[in-house]
Amino acid sequence: MDDNLINTFNREIKCEYRDEEYLVRDNGAIFRLKKKGKRNRPLDEKWTFGRPDKQHGYFNFSSVTVHRIVATAFHGKQPSEKHIIDHIDTNKKNNRPENLWWITRLENILLNPITLSRIIFKYGSIDYFLANPAKPIDGELEQNYDWMRTVTKEESKNTRKNLINWSKVGKIPKGGQLGEWIHTKLNPDFVQSNTISQKKPKNPNIPKIIGENPIQTYYDNLNKGDILFCQDEEIHFVLEKEITNSLQMKVTAIQDLSESHIAIWVYEITYNGRFYEHIRRDVFYRKPTEDYRNILELFSK
């Protein structure tokens, strides 16, 4: 435990949680007071951030989670049984009060852009997540707890800012996992991505004029070019496209990943009355045969 961090705070509040009294600091540390007339228990009268839960990533204290104690102290008691604690930056070990709020599960999905992007990354779409949250179709971001730790106030701000940037960019950093960079003020991957994205349109084939048949308009627009996505360094070239109905179409795209692998993506594109939604349905990784390489070379020209 970092003694410097645990002793760096601005506010200290006394609160009651589940018949126990605590002192709680605005750095996420807690101090359980001993019960009057009782002997000291092993965990009494000691400042702590808690004990890491390897299965879920949270900090625990005795039989409770630390974030609930901190939230109760700084944000009041749980409003209802439907409310949970959301770690806004999704760092489950960042129990600073400004990183916690009482919220329902549905609000957590809709109101937190970081959580929303994580779900879309892992499940392909919100609809797929709601239909079967037990079966993600892609990604392992939520299972990686290595980057999560207690943080300073400055690191907490940086983490949230970097993850919000990530949610806007729409893809995780190179290597597929979050790391220590998330707590720093500047993430080189984002700088590089943002520099590249200024030179390339994110979705060059989205039509400006939708018309009476939006999917047909999009289909016609794709016929004018070969790129489905052009975001940062990630380019998806269209291989096949098919209109399934007036508000839906299917597109198969190819992406050059490395010298040893390419990816074949299957997207379902729908129009919901306001914007086009690209729902990733499947991905197949293949060795770059000569035919695929010829296709990619042709498109790149």
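Note that the structure is a prediction, hence the values are computed from the model and not measured.

Here is what the cut-offs are and how they apply
- Residues numbered from 1 in each chain as written.
- Predicted model: local features only at pLDDT ≥ 70, side-chain atom pairs only at ≥ 80, totals over all residues.
- Heavy atoms only, no water.
- Helix = DSSP H or I, 4+ residues; strand = E, 2+ residues; numbered from the N terminus.
- Buried < 20%, exposed > 50% of the residue type's maximum accessible area, 1.4 Å probe, protein only.
- Pairing = 2+ DSSP bridges.
- Phe/Tyr/Trp six-rings, centres within 6.5 Å; stacked < 30°, edge-to-face > 60°.
- Contact = heavy atoms within 4.5 Å.
- Axes fitted to C-alpha atoms, helices over the stretch in contact; angles between N-to-C directions.
- 1 Å grid on protein atoms, 1.4 Å probe; cavity = no way out; pocket = protein on both sides within 12 Å on 5 of 7 lines; lining within 4 Å.
- Points joined across faces, edges and corners; volume = space filled by probe spheres on them.
- Nonpolar A, V, L, I, M, F, W, Y, C, P; charged D, E, K, R; others polar.

Caption draft 1: Inspection of unusual backbone geometry at higher detail. Residues other than glycine seldom take positive phi values, yet D19 does so here, at roughly 65 degrees. By the secondary structure assignment, D19 is in the loop between strand 1 (12-17) and strand 2 (20-25). A residue is classified by how much of its surface remains accessible, and D19, at 64% relative accessible area, is exposed.

Caption draft 2: Region of the structure containing the pairing of strand 8 (residues 83-87). The buried fraction of strand 8 is high, at 5 of 5 residues. With burial as the criterion, each face of strand 8 is covered, one bearing H83, I85 and H87 and the other bearing I84 and D86. The pairing of strand 8 with strand 9 (residues 100-104) spans 5 bridges and is antiparallel. Bridge pairing in strand 9 places D86 opposite W101.

Caption draft 3: Focus on the packing of aromatic side chains. Evaluated as defined, the whole model comprises 5 aromatic pairs. Aromatic side chains Y271 and Y276 sit 5.0 Å apart centroid to centroid with 55 degrees between the ring planes, which places their arrangement in the tilted category. Comparing Y271 with Y276, the two get one shared label, buried. Three or more aromatic residues link up through ring pairs in this structure, and these residues are Y218, Y271 and Y276.

Caption draft 4: Geometry of the sheet that holds strand 2. The 4 strands are arranged 1-2-3-4 in an open sheet whose pairing can be described as antiparallel. A strand with exactly one partner marks an edge of an open sheet, and here the two such strands are strand 1 and strand 4 (47-48). As defined by bridge partners, strand 3 (residues 30-32) adjoins strand 4 across 2 bridges and the pair is classed as antiparallel. Paired with I30 across the two strands is T48, which belongs to strand 4. Sheet strands touched by helix 2 (residues 66-75): strand 1, strand 2 and strand 3. Its angle to strand 1, the strand with the most contacts, is close to 110 degrees.

Caption draft 5: Broad picture of empty space enclosed by the protein. Under the definition given, this model contains 1 cavity of 30 Å³ or more. Its volume calculated, the largest cavity comes out at about 40 Å³. Residue composition of the lining of the largest cavity, by class: 3 nonpolar, 5 polar and 2 charged.

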